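Each chain, written out:
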Amino acid sequence: MYLTPQHVLLAGATGLTGEHLLDRLLNEPTITRVLAPSRRPLAEHPHLENPVGEPAELLSRLSGQVDIAFCCLGTTIKKAGSEQAFRAVDLDLVVAFAKRARELGARHLIVISALGADPTSSIFYNRVKGEMEAALKAQDWPQLTLCRPSLLLGERTEPRLAEQLAGPLSRLIPGKYHGIEACQLARAMWRLALEEQEGVRVVESDELRKLGK
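A brief report on the enclosed structure follows. (Residues numbered from 1 in each chain as written. Predicted model: local features only at pLDDT ≥ 70, side-chain atom pairs only at ≥ 80, totals over all residues. Heavy atoms only, no water.)

With that settled, consider the overall build of the chain. In terms of regular secondary structure, the chain is built from eight helices and nine strands. Residue burial in the chain is summarised as follows: out of 213 residues, 46% are buried. Expressed as a percentage of contacts within the chain between residues at least 6 apart in sequence, the contacts between residues at least 24 apart total 68%. For the chain, the exposed area adds up to about 10,500 Å²; of that, 53% sits on carbon and sulfur atoms. (Helix = DSSP H or I, 4+ residues; strand = E, 2+ residues; numbered from the N terminus. Buried < 20%, exposed > 50% of the residue type's maximum accessible area, 1.4 Å probe, protein only. Contact = heavy atoms within 4.5 Å. Areas by Shrake-Rupley, 256 points an atom, 1.4 Å probe, with all protein chains shown as cover.)

With that settled, the discussion passes to the sheet that holds strand S4 (residues 68-71). Read across the open sheet, the seven strands follow the order S3-S2-S1-S4-S5-S6-S9; overall the sheet is parallel. The outermost strands of the open sheet, each flanked by one partner alone, are strand S3 (48-49) and strand S9 (199-204). When S4 meets strand S5 (residues 108-112), the two strands line up parallel, connected through four bridges. Residue Cys-71 lies in a different strand from S5, and its bridge partner there is Val-111. (Pairing = 2+ DSSP bridges.)

Next up on the list: helix H7 (residues 182-193). Relative to the 16 Å expected for twelve residues at 1.5 Å per residue, H7 spans 17 Å between its end C-alpha atoms, a close match to the ideal helical length. Extensive coverage of H7 is indicated by the burial of nine of its twelve residues. Considered for burial, the residues of H7 that qualify are Ala-182, Gln-184, Leu-185, Ala-186, Ala-188, Met-189, Trp-190, Leu-192 and Ala-193. (Expected span 1.5 Å × (residues − 1).)

This brings us to the packing of aromatic side chains. Taken as a whole and judged by the stated rule, the model has two aromatic pairs. Their ring planes at 55 degrees and their centres at 5.8 Å tell us that Phe-86 and Phe-124 sit as a pair that is tilted. You can see Phe-86 sitting in helix H4 (residues 83-103) and its partner Phe-124 sitting in helix H5 (residues 124-138), a full 38 residues away along the chain. This pair shows no difference in class: Phe-86 is buried, exactly as Phe-124 is. (Phe/Tyr/Trp six-rings, centres within 6.5 Å; stacked < 30°, edge-to-face > 60°.)

Rendered as structure tokens:
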């Protein structure tokens, strides 16, 4: 019989979607532990464990049983400073986090990828996301959920000009290209965590919006 996850590992809790997801997880009565490593301290909560430091260094310090893992890690080439630095976060760090989550016992991984993720894409961003998805599939997870949101909408601590400019237009585009609110994505990810199935599931942005209502 499938049991609601009680012990959760969350990466990217300080990001736009991660903040919403962390709040939801800490307010779920069935969850007794949220392990959320981060670069800066999070607000204290009796169910929250928050090791602080550099992400790569933190992975080896994570411990305890984990039922499910959420990965909300991601940056931009501009913020990272180079394509190589971008790959180090959106590919290498995500894959390393997933490997550690499996070592801690997680059987289900839910990851934020991107609309258009494709390892053969001519677009660098989409190609890296596609390579990340392929690497996670190769880890042979019992249950792997790949979320492919379109443009994320919401107020960031550090605003991104491109998102500010494209946001209003993305609200008018139909289907999976329609922008999605970060709070909707967080709700969708939690609903997906409650679904039991084997293998890989790819969830496109239009379905994520429906799940997040």
